[in-house]
Amino acid sequence: MVVSVSEMMDDAPEVSVSGFNLSVSSIKVTEAIKKENSLVFVVGAQEFPSKKQHFVDRKFEDFEWLQQCLLMPDGIPGLQGIIFPPLPAKPCAFQSNTQEKMIKQLGLLGLDDDWKTYCMALEMYLQLVVSHTTLGKNQVLRSFFTQTQGPGGQAGRKGILNRLSQALEEIKKENHQDVDEFFRNERASNSSLVRLTKATTERLIAVVRTQQNIALACGHFSTTLHLGVGPDEDPAAKTFSKLSLKLSEIIIIVKKNFECVAENNLNILGLGLDLVSRYEESEKEMLFRRTCKLVELEQNSKNLEKAKPAKKANMEEIKKASEKEFRHISDIARLEIQKLHRVRVEVFQQCLTSWCEKQLHAARETSSILSQHLRAFKQLDSTE
Amino acid sequence: MATSSERSPPPFPESEDQEPDPDPADGDSDEGEDIFTGNSKPAEIKAERHQPPVDVTAKLQRDIPSSDPLGDLDGSGANKKPARDGRQADLFTEPRSDIFSEEAAARPARPGPASGSNANSSSKSNGIHSDEEQDIFAEATVELSLDSPHSERKETPKPVTSTESSVAVQPSAPKTALKTMAELEEEESEDKFELNISITNPEKVGDGMNAYMAYQVSTQTSLPMFRSKSFTVKRRFSDFLGLYEKLSEKHAQNGYIVPPPPEKSILGMTKVKVGKEDPSSAEFVERRRAALERYLQRVVAHPSLLQDPDVREFLERDELPRAVNTQALSGAGFLKMINRATDAVSKMTIKMNESDIWFEEKLQEVESEDQQLRKLHGVVESLVNHRKDLSINTAVFAKSVAMLGSSEDNTALSRALSQLAEVEDRMEQLHQEQASSDFFVFAELLADYIRLLGGVRGCFDQRMKTWQRWQDAQVTLQKKRENEARLLWANKPDKLQQAKEEIAEWENKVTQYEADFERISTTVRKEVLRFEKEKARDFKNQIMKYLESLLHSQQQLIKYWEAFLPEAKAIA
């Protein structure tokens, strides 16, 4: 895992949930298996301190269920102020999958045919959830990680995260002026970051795809060279055949290099950018929830003012309740925002460093192989 | 390619027409080229006598018989066959005027030097001919259709007094000649026989649809046959096509592989004419410039062609008369020409009693090679396009990252992102260069060879034609004999005399055509071998270049990553 969540989340590396503790770094989503019409992920985790291992098969629906459960609890004040770890998009039915469709659905995560990148994203999600101070305490985690039978499929309870229909009102709400300067600024900056990060991710997708195409084209080049080599009698033709084979070897080196570079781009830089991008979307949703609460509060205040004396007490209660809720949300939100800022920087730091190191390594390796070939080729040249 | 040519020492005095004039092809007749200058130092091309070109020994072929004022030129191939000598005498005497008239007739475009040049061309080119009585007069022959006077002349094998006495002038390593082809200005070898050609400075001349690109053709040489050591002229594309046409007319029929010129491109040129200043027209001009350069380098690397005065004129003369009738040489036209030739050949192949299986096999090889090269070319082009895409995508990505960086509050992260944007920008440049390299190193090379193979097929075709002519002559001879028999029987003595004369004439022709056929067969063989060697050489050099450029790219990348790493680590 390139991005080490446990390093980032210094607040709660191991969570205690009434006896059920998980070691964050042990959480793994190791592979995606295609069963019938859907994808099954193998999820592993280790308990702390008992070191008991758990392995379960989970479908995407199970993850969705988990996410919704996390949003449910009413008892926690200000839950709506939490920036929820983002879940990757649902994988599409993979019968008629073309790379185009995958990318449209999953963004960057759709670039990898083997689902490796996607698994890594799911893994990060789980780690982030488990290490969250508040979320990590949720009981559902226990059943998610230990129960053999997947919990998913329970009819979609609409969590507070669902904001599927952007009705006109909602858009208006989104732009509602904020009372607090901190939040005003944050909303503006978040809005632009969401846009920019998403754009950057998309452009990285284009780069990676082109690199994959180049690797393919190199493969064709090499194969064609090979096919052209036949048994040769005369010396000039033999020389030419040798040259063809030599060139073919070189092209394979280029191909492998591109495959490696593309993979690094995807699984390190891409994954990091994708996470940051989705996190920013998650923040946007949280801010929206808070804004909605603000609108509600302001509405209640107005109602209170307009209320007839008989109803005034009632209105006052309602107003006070929503004021309190709003305050809770804002407090939590503030903390979450600061945490997110920090996390963002750390994600970038880790992933840019790791990415750079890997690319550097790839370049050095390729360079040394090419040098060897060049030397050998020159010697061949001088002996002829 | 020069290496493989077999050249035999120039025939001696009696041979030929050593036209004493200085090569008028240079355009300035007043240059008064010293007769001997041309002669004394043969073009460095080494000639080998007869042997299949394996090793080139620097044999000088020209011996300048002191008695022969014209010295050099003739070298028309060491003509070994004694049988020829007799004929030579005839030929030598008559042709002068003949050549001139023909030349004059044939080359209306070049009035001035015409007379001289032709003569010269014939003489000059000889030095480097293969011992087969490759005949220099071939150049003088203007018409493609060989009719007797011409053929006779062609026949003239300059007696090769084979003096192998090579006046070894300089042992230019074969490598030099080859390298001249592959590398541009590279070699400053101590080698004296150097000829470097470079084409630079494409400039648009004129406006609108009459505009054209003028290219500067610079030559640096130590060859004595040129007026000076380094000179530059301006040429336009149609001049190159004109040169090809002239060379093709003169030499193709003898079985030489005349390198084909780059293709015409109406779209490309129209953009340039119209004055569109965009990267694609700049790319087109650069592509054409490079193609023209390679074309000229191949021409001068061919030992026989180098001796052709037209080539010299092309390189040296300040103003060339505008080449007309270059229509035939547009890409499509050229291909059509080749295809027609190939069709004709395939029709003949069935009938030809191929005594030498080598030719049949070679032709097969050429066909399959053509297919392979075309496939490779397609694959390489697709690779080049992807690289170009990568370059574009990387640039766009870099911009995005830059914007992200400038929106970022955290200073260290902001700086790191800006640095990343810069790294990506530099990578875009690298990708662009690599795409260019792929293109020029391979795609263009493959395209060149596909065209060259057309030339190879052409020379096989010429051989077929020669064979056919021989066969036809035999048939005619037979008819004449039958006619004679009939006349004898019918007892018509008056007509008999004529019949006998005709028989004699046709007997001569048959012998001559047979010899032609032998000669062209040998030439074709040699040319093909030379071509293959050259091809292997070319590809090897290009692969080397490619490897070097790949390595360079990776090393640049390493630098960029190494510079970026500390920035990434510093994010806090």
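Preceding this paragraph is the structure being described.
Residues numbered from 1 in each chain as written. Chains lettered and ligands numbered in written order. Predicted model: local features only at pLDDT ≥ 70, side-chain atom pairs only at ≥ 80, totals over all residues. Heavy atoms only, no water.

1. Comments concerning the overall build of chain A
(1) Moving on: A tally of regular secondary structure across chain A gives nine helices and five strands.
(2) Moving on: When its helices and strands are written in sequence order, chain A yields α-β-β-β-β-β-α-α-α-α-α-α-α-α.
(3) Moving on: Out of the 384 residues belonging to chain A, those deemed buried represent 52%.
(4) Moving on: Summing over all exposed atoms, chain A offers an accessible surface of approximately 18,200 Å²; the carbon and sulfur share of this is 52%. (Helix = DSSP H or I, 4+ residues; strand = E, 2+ residues; numbered from the N terminus. Buried < 20%, exposed > 50% of the residue type's maximum accessible area, 1.4 Å probe, protein only. Areas by Shrake-Rupley, 256 points an atom, 1.4 Å probe, with all protein chains shown as cover.)

2. Describing the side chain of A:Glu283
Residue and element names in this part refer to chain A.
(1) Moving on: Here Glu 283 lies in helix H8 (residues 235-306).
(2) Moving on: Lacking a salt bridge, the buried Glu 283 has Arg 344 as its closest oppositely charged neighbour, with an N-O distance of 6.9 Å.
(3) Moving on: With near-sequence residues (within four places) excluded, Glu 283 lies in contact with Ile 83, Glu 186, Asn 190, Ile 337 and Leu 340. (Lys, Arg positive; Asp, Glu negative; His and termini not counted. Salt bridge = Lys/Arg side-chain N within 4 Å of Asp/Glu carboxyl O. Contact = heavy atoms within 4.5 Å.)

3. Describing the sheet that holds strand E1 (residues 195-205) of chain B
Working definition: the strands of a sheet are paired by backbone hydrogen bonds and lie parallel or antiparallel to each other.
Residue and element names in this part refer to chain B.
(1) Moving on: Strand order in the open sheet made by the three strands is E1-E2-E3, with antiparallel pairing throughout. Only two strands of the sheet have a single neighbouring strand rather than two, namely E1 and strand E3 (230-236). Neighbour-to-neighbour, the strand axes of this sheet turn through a mean angle of 20 degrees, independent of strand direction.
(2) Moving on: Here strand E2 (residues 212-221) runs beside E3; their pairing, made up of seven bridges, is antiparallel. Of the residues in E3, the one forming a bridge with Thr 219 is Phe 231.
(3) Moving on: Along the sheet face, helix H8 (residues 237-251) touches E1, E2 and E3 and points at about 100 degrees away from the line of E3. (Pairing = 2+ DSSP bridges. Axes fitted to C-alpha atoms, helices over the stretch in contact; angles between N-to-C directions.)

4. Considering the packing of aromatic side chains
All names here are of chain A.
(1) Moving on: Going through the model one piece at a time under the given rule, you end up with 20 aromatic pairs over all chains.
(2) Moving on: Taking 5.3 Å as the distance between ring centres and 70 degrees as the angle between the ring planes, the aromatic pair formed by Phe 63 and Phe 144 counts as edge-to-face. Of this pair, Phe 63 sits in helix H2 (residues 60-71) while Phe 144 sits in helix H5 (residues 140-146), placing them 81 residues apart in sequence. Of the two residues, Phe 63 and Phe 144, neither departs from the other in class, the shared state being buried.
(3) Moving on: An angle of 90 degrees between the planes, with centres 5.5 Å apart, marks the rings of Trp 115 and Tyr 118 as edge-to-face. This pair shows no difference in class: Trp 115 is buried, exactly as Tyr 118 is.
(4) Moving on: An aromatic cluster is built from Phe 41, Phe 63, Trp 115, Tyr 118, Tyr 125, Phe 144 and Phe 145, whose rings are joined through pairwise contacts. (Phe/Tyr/Trp six-rings, centres within 6.5 Å; stacked < 30°, edge-to-face > 60°.)

5. Thoughts on the packing of helix H15 (residues 411-490) of chain B against helix H16 (residues 493-569) of chain B
Residues and elements named next belong to chain B.
(1) Moving on: Across the interface, H15 lies against H16 with an axial gap of 8 Å and an inter-helix angle of 170 degrees. As far as their axial angle goes, H16 and H15 are roughly antiparallel.
(2) Moving on: Across the contact of H15 with H16, the residue classes break down as 41 nonpolar, twelve polar and 18 charged. (Parallel < 35°, antiparallel > 145°, perpendicular 65-115°, else oblique. Nonpolar A, V, L, I, M, F, W, Y, C, P; charged D, E, K, R; others polar.)

6. Things to note about the packing of helix H10 (residues 279-301) of chain B against H15(B)
All names here are of chain B.
(1) Moving on: Orientation of H10 relative to H15, taken along the N-to-C sense of each, is 55 degrees, at an axis distance of 11 Å. With respect to their mutual orientation, H10 and H15 come out oblique. For the element pair H10 and H15, the recorded crossing hand is right-handed. On H15, the residues touching Glu 286, Arg 287, Ala 290, Ala 291, Arg 294 and Arg 298 of H10 are Phe 439, Phe 440, Glu 444, Leu 445, Asp 448, Tyr 449 and Leu 452.
(2) Moving on: The residue makeup of the contact of H10 with H15, split by class, is seven nonpolar, no polar and six charged. (Left-handed = near helix turned anticlockwise from the far one by under 90°.)

7. A word on helix H3 (residues 99-106) of chain A
All names here are of chain A.
(1) Moving on: Turning to H3, its buried residues number three or more, namely Met 102, Ile 103 and Leu 106. In a view along the axis of H3, the buried residues occupy a sector of 95 degrees, so they form one face of it. Structural note: H3 exposes Glu 100 and Lys 104 on the side pointing more than 90 degrees away from its buried face.
(2) Moving on: The secondary structure elements touched by the buried residues of H3 are helix H4 (116-131) and helix H7 (181-227).
(3) Moving on: Backbone geometry just after H3 places Gly 107 at a positive phi near 70 degrees. (Arc of directions from axis to C-beta.)

8. Here we look at the nonpolar core
(1) Moving on: Judged by nonpolar contacts, the single largest core of 157 residues is most densely connected at A:Phe63, A:Leu66, A:Leu126, A:Phe145, A:Phe221, A:Leu352 and B:Trp561.
(2) Moving on: No other element matches the 25 residues that H15(B) contributes to this core.
(3) Moving on: Residues within four places of A:Leu66 in sequence aside, it is in contact with A:Tyr125, A:Leu126, A:Val140, A:Leu141 and A:Phe144.
(4) Moving on: With 34 residues, the next largest nonpolar core counts B:Met269, B:Val285, B:Leu305 and B:Leu306 among its residues. (Core = buried A, V, L, I, M, F, W, Y, C linked by side-chain atoms within 4.5 Å.)

9. Overview of empty space enclosed by the protein
(1) Moving on: Scanning the entire structure with this criterion turns up 16 cavities of 30 Å³ or more.
(2) Moving on: Here the largest cavity is characterised by a volume of approximately 350 Å³.
(3) Moving on: Going through the elements one at a time, H7, H8 and helix H9 (309-383) of chain A together with helix H14 (357-407), H15 and H16 of chain B are the ones with two or more residues in the lining of the largest cavity.
(4) Moving on: Residue classes in the lining of the largest cavity are distributed as 16 nonpolar, ten polar and two charged. (1 Å grid on protein atoms, 1.4 Å probe; cavity = no way out; pocket = protein on both sides within 12 Å on 5 of 7 lines; lining within 4 Å. Points joined across faces, edges and corners; volume = space filled by probe spheres on them.)

By themselves these figures say nothing about function.
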